[in-house]
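Each chain, letter by letter, is given below.
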Amino acid sequence: TQFKSNGYRQQNNQSDTKFFSNFGYRINQNIENRTYLTIVNSNLQLAGALTRGQMNNNPKQANPSNLALKQERNFNLLRLANKTSLRYENFDANFGIYSNLKDLDHPIYQVIQQKTENYGAFADATIKNKIFDFENEFLIGTNLSFGSTNAQQFINKNGSAQAMTVK
């Protein structure tokens, strides 16, 4: 999908491009593998809030502070995952791996820059059986996740990162 807007107000342009995919292959009647891919590029200018007086005077204006600092929220996201599913009469199982990578550039009161990485693996199983003539269903699973965020903040000068303030 793609969305673009020139905005009604100053400092209000938007551009969003998103790609979501799900590719699957059935190996046999009991085994299936799927790969998921998501790619996002989002660029949003932030016009900010106005007082009632500012809005009545000129509804197309941006908040002066947002305009001076060229406030925006821009990020790129890449998500890749793979899942294998097993389906039998009394037993189902899923297992797989995933990763998410996000790069954020966010000039607001300061310029926030973050690089986030998340990785993980998961598995679950459902066993259906009868115990003493009663239907039973047992579910067991795990989700291991590892991640890090490298975040920095800088003085915002017209939307550009200047001296670092937080590392």
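Now for a look at the structure at hand.

The rules we used
- Residues numbered from 1 in each chain as written.
- Predicted model: local features only at pLDDT ≥ 70, side-chain atom pairs only at ≥ 80, totals over all residues.
- Heavy atoms only, no water.
- Helix = DSSP H or I, 4+ residues; strand = E, 2+ residues; numbered from the N terminus.
- Rg over C-alpha atoms; globule rule 2.2 N^0.38 Å.
- Contact = heavy atoms within 4.5 Å.
- Areas by Shrake-Rupley, 256 points an atom, 1.4 Å probe, with all protein chains shown as cover.
- Lys, Arg positive; Asp, Glu negative; His and termini not counted.
- Charge placed at Lys NZ, Arg CZ, Asp CG, Glu CD.
- Phe/Tyr/Trp six-rings, centres within 6.5 Å; stacked < 30°, edge-to-face > 60°.
- Lys NZ or Arg CZ within 6 Å of the ring centre and 35° of its normal.
- Patch = residues over 30% accessible without salt bridge, like charges linked within 9 Å, V, L, I, M, F, W, Y side chains within 5 Å.
- Salt bridge = Lys/Arg side-chain N within 4 Å of Asp/Glu carboxyl O.
- Buried < 20%, exposed > 50% of the residue type's maximum accessible area, 1.4 Å probe, protein only.
- Pairing = 2+ DSSP bridges.
- Polar contact = N/O pair within 3.5 Å; in protein donor to acceptor, adjacent residues only side chain to side chain.

Right, let's get into the overall build of the protein chain. Helix and strand counts for the protein chain stand at two helices and eight strands. Reading the helices (α) and strands (β) of the protein chain from amino to carboxyl end gives β-β-β-α-α-β-β-β-β-β. Compactness check: the protein chain gives a C-alpha radius of gyration of 24 Å against a globular reference of 15 Å for 167 residues, more than 25% above the reference. Viewed in the frame of its principal axes, the protein chain has a C-alpha envelope of about 75 × 35 × 30 Å. Put simply, of all contacts in the protein chain between residues at least 6 apart along the chain, 56% involve residues at least 24 apart. Put simply, the protein chain shows about 11,200 Å² of open surface, and 54% of that area lies on carbon and sulfur atoms. The centroid of the 18 positive side-chain charges in the protein chain is displaced by 15 Å from the centroid of its 12 negative side-chain charges.

By convention here, two paired aromatic rings are described through the distance between centres and the angle between planes. Summed over the entire model, instances satisfying the criterion amount to one aromatic pair. Sitting over the face of the ring of F75, K102 holds its NZ or CZ atom 4.8 Å from the ring centroid.

On the surface, F19, F23, I39, L78, L101, Y119, L144 and F146 cluster together into a nonpolar patch covering about 750 Å² of accessible area. Structurally, L144 can be placed in strand β7 (residues 134-157). Among the residues examined, L144 registers a relative accessible area of 45% and is labelled partly exposed.

Located in the positive-phi region is D133, a residue other than glycine, with phi close to 65°. Here D133 is to be found in the loop between β6 (110-131) and β7. You can call D133 exposed: its relative accessible area is 69%.

Let us now look at the pairing of strand β2 (residues 14-28). Across four bridges, the pairing between strand β1 (residues 2-5) and β2 is antiparallel. Bridge pairing in β2 links S5 to Q14. As judged from the 14 bridges shared by β2 and strand β3 (residues 31-45), these two strands associate in the antiparallel manner. Bridge pairing in β3 places F23 opposite T35. Turn length for the β2-β3 hairpin, with the two strands adjacent in sequence and antiparallel, is two residues.

With that settled, consider the side chain of Q110. Looking at the secondary structure, you find Q110 in strand β6. Looking at Q110, its side chain comes within polar contact range of the side chain of Q153, at 2.7 Å. Within polar-contact distance, the side chain of Q110 engages the side chain of T165 at 2.8 Å. In this structure Q110 touches Q153, F154, N156 and T165, once residues within four positions along its chain are discounted.

Turning our attention to the side chain of S99. For S99, the location among the structural elements is in strand β5 (residues 91-107). Looking at S99, the relative accessible area reads 15%, which means it is buried. Setting aside residues no more than four positions away along its own chain, S99 makes contact with L78, R79, L80, N118 and Y119.

Our focus in this paragraph is the pattern of salt bridges. Applying the stated criterion across every chain yields a total of five salt bridges. Between E32 and R26 there is a salt bridge, with its nearest N and O atoms 3.0 Å apart. Among the residues examined, R26 registers a relative accessible area of 54% and is labelled exposed. Across the salt bridge formed by K115 and D103, the nearest N and O atoms sit 3.2 Å from each other. Note that K115 is positioned in strand β6 and D103 in strand β5, a separation of twelve residues in sequence.

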